[in-house]
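As a plain string of letters, each chain reads:
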Amino acid sequence: MSALANILLVDDNPKYLKDALPYYGYNVRVAIDGIQALEVLTTEKNKFDLVLLDIMMPNLDGWETLKAIRKLEKTKYLPVIMITAVSEEQKVIAGLKNGADDYITKPFVLPNLLARMEAVLRRSEWAKQAQNSLNQLPFKSDAPVKMLTNRELDVLTLAAKGANNKDIAEKLVLREVTVKSHLNSIFKKLGVTSRTQAVLLAMQMDLIKN
């Protein structure tokens with residue numbers, strides 16, 4: 001996957017990753033702050049598969065840039081990994097709630113970042129394939145379903161991105177057993193028997209968006 005991935009690196013000190021990532025098959029475009037990143041995302045025809053977004057930058061920091069990315073129709077589902085020197089748990093959780101797909105704290109080991117990038121790209125590709133399969137669903141459901149709770153929608157939304165139970169538990173600050181309980185409740189309410197069926201049906205019914 002990395003051989004086909006176009007990365008937007010948003011960092012005011014990009015040299016290390018700009019030089020390193022091409023050796024692993026990534027095409028890298030650099031923006032030195034959030035303002036330039038948004039300009040690149042909105043004006044250039046090249047499609048990006050992933051944004052690596054530093055938090056501490058001049059002009060427009062990573063948090064504000066992330067919010068802007070999520071508000072744009074063109075980029076609201078674009079995967080974003082935050083790169084931060086901030087390790088406070090509450091700030092990290094706030095970033096995930098604002099729409100970050102993952103984060104890594106400086107200083108980081110390159111193989112760790114590469115693994116996170118591959119995982120996010122795999123989840124993104126899975127979600128795209130799921131969306132493409134909507135019109136070929138082997139089942140339809142016009143029957144009313146019981147309303148999902150906000151937490152169940154959170155769990156299902158992350159499942160739609162390819163996150164496993166451990167990932168979901170970490171992102172939502174839950175225990176894995178609680179995630180399993182939510183999934184079982186979702187299956188029962190939607191009348192399905194698997195995570196894939198639940199995601200596809202929820203997308204079809206506009207309960208969640210890809």
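What you see is a predicted model, and the numbers here were worked out from it, not measured in a lab.

**Considerations on unusual backbone geometry**
Here comes step 1: The step from Lys106 to Pro107 runs through a cis peptide bond, and the omega angle for that step is -10°.
Here comes step 2: One can find Pro107 in the loop between strand S5 (102-105) and helix H5 (110-132).
Here comes step 3: A positive phi angle is found at Asn59, which is not glycine, with a value near 70°.
Here comes step 4: Here the phi dihedral of Val173 falls at roughly 55°; this positive angle occurs in a residue that is not glycine.

**Things to note about the nonpolar core**
Soluble, globular proteins show a tendency: their nonpolar side chains are buried together.
Here comes step 1: Val155, Leu156, Ile168, Ile186, Leu190 and Ala198 are the most contacted members of the largest nonpolar core, which has 22 residues in total.
Here comes step 2: Elements with a minimum of two residues in this core: helix H6 (150-160), helix H7 (165-172), helix H8 (176-190) and helix H9 (195-204).
Here comes step 3: Residues contacting Ile168, with those up to four places away along its chain left out, are Val155, Leu158, Ala159, Ala163, Val179 and Arg195.
Here comes step 4: In terms of nonpolar packing, the next biggest core, distinct from the first, is built from 20 residues, Val30, Ile81, Ile83 and Leu110 among them.

**Some words on the pairing of strand S3 (residues 50-54)**
Here comes step 1: Among the 5 residues that make up S3, 5 are buried, leaving the element largely enclosed by the rest of the structure.
Here comes step 2: Of the two faces of S3, the one lined by Leu50, Leu52 and Asp54 and the one lined by Val51 and Leu53 are each fully buried.
Here comes step 3: The sheet contact formed by strand S1 (residues 6-10) and S3 spans 4 bridges and is parallel. The partner of Val10 across the bridge, within S3, is Leu53.
Here comes step 4: The parallel pair S3 and strand S4 (residues 80-84), bridged by helix H3 (residues 62-71), forms a crossover whose chirality is right-handed.

**Thoughts on helix H2 (residues 34-43)**
Here comes step 1: Every buried residue belonging to H2 is among Gly34, Ala37, Leu38, Val40 and Leu41, and all of these are buried. Angularly, the buried residues of H2 cover 160° about the axis, an arc narrow enough to put them on a single face.
Here comes step 2: On its buried side, H2 packs onto S1, strand S2 (27-31) and H3.
Here comes step 3: Two to three positions downstream of the cap, the backbone nitrogen of Ile35 sits 3.1 Å from a side-chain oxygen, assigning the N-cap of H2 to Asp33.

**A closer look at the confidence of the model for the protein chain**
Here comes step 1: Here the protein chain shows a mean pLDDT of 82. Residues at 70 or above account for 83%.
Here comes step 2: Of all secondary-structure elements in the protein chain, the lowest mean pLDDT belongs to helix H4 (residues 89-97), at 67, while S1 reaches the highest, 96.

**Some points on the packing of H8 against H9**
Here comes step 1: Where H8 meets H9, the closest approach of the two axes is 10 Å, and the angle between their N-to-C directions is 60°. One finds that H8 runs oblique with respect to H9. With respect to the hand of their crossing, H8 and H9 are arranged in left-handed fashion. Judged by residue contacts, Leu183, Ile186, Phe187 and Leu190 of H8 engage Arg195, Ala198 and Leu201 from H9.

**Some details on the packing of H6 against H7**
The description of two packed helices rests on the angle between their axes and on the distance between the axes.
Here comes step 1: For the pair H6 and H7, the least separation of the axes is 10 Å and the interaxial angle reads 130°. One way to sum up the angle between H6 and H7 is to call them oblique. Crossing of H6 over H7 shows right-handed handedness. Each of Arg151, Asp154, Val155, Leu158 and Ala159 in H6 lies in contact with H7, whose residues at this interface are Ile168, Lys171 and Leu172.
Here comes step 2: A per-class count over the contact of H6 with H7 returns 5 nonpolar, no polar and 3 charged.

Reading guide: rules and limits
Residues numbered from 1 in each chain as written. Predicted model: local features only at pLDDT ≥ 70, side-chain atom pairs only at ≥ 80, totals over all residues. Heavy atoms only, no water. Helix = DSSP H or I, 4+ residues; strand = E, 2+ residues; numbered from the N terminus. Core = buried A, V, L, I, M, F, W, Y, C linked by side-chain atoms within 4.5 Å. Buried < 20%, exposed > 50% of the residue type's maximum accessible area, 1.4 Å probe, protein only. Contact = heavy atoms within 4.5 Å. Pairing = 2+ DSSP bridges. Right-handed = clockwise from strand over helix to strand, strands pointing away. Arc of directions from axis to C-beta. Polar contact = N/O pair within 3.5 Å; in protein donor to acceptor, adjacent residues only side chain to side chain. pLDDT = per-residue confidence, 0-100. Axes fitted to C-alpha atoms, helices over the stretch in contact; angles between N-to-C directions. Parallel < 35°, antiparallel > 145°, perpendicular 65-115°, else oblique. Left-handed = near helix turned anticlockwise from the far one by under 90°. Nonpolar A, V, L, I, M, F, W, Y, C, P; charged D, E, K, R; others polar.

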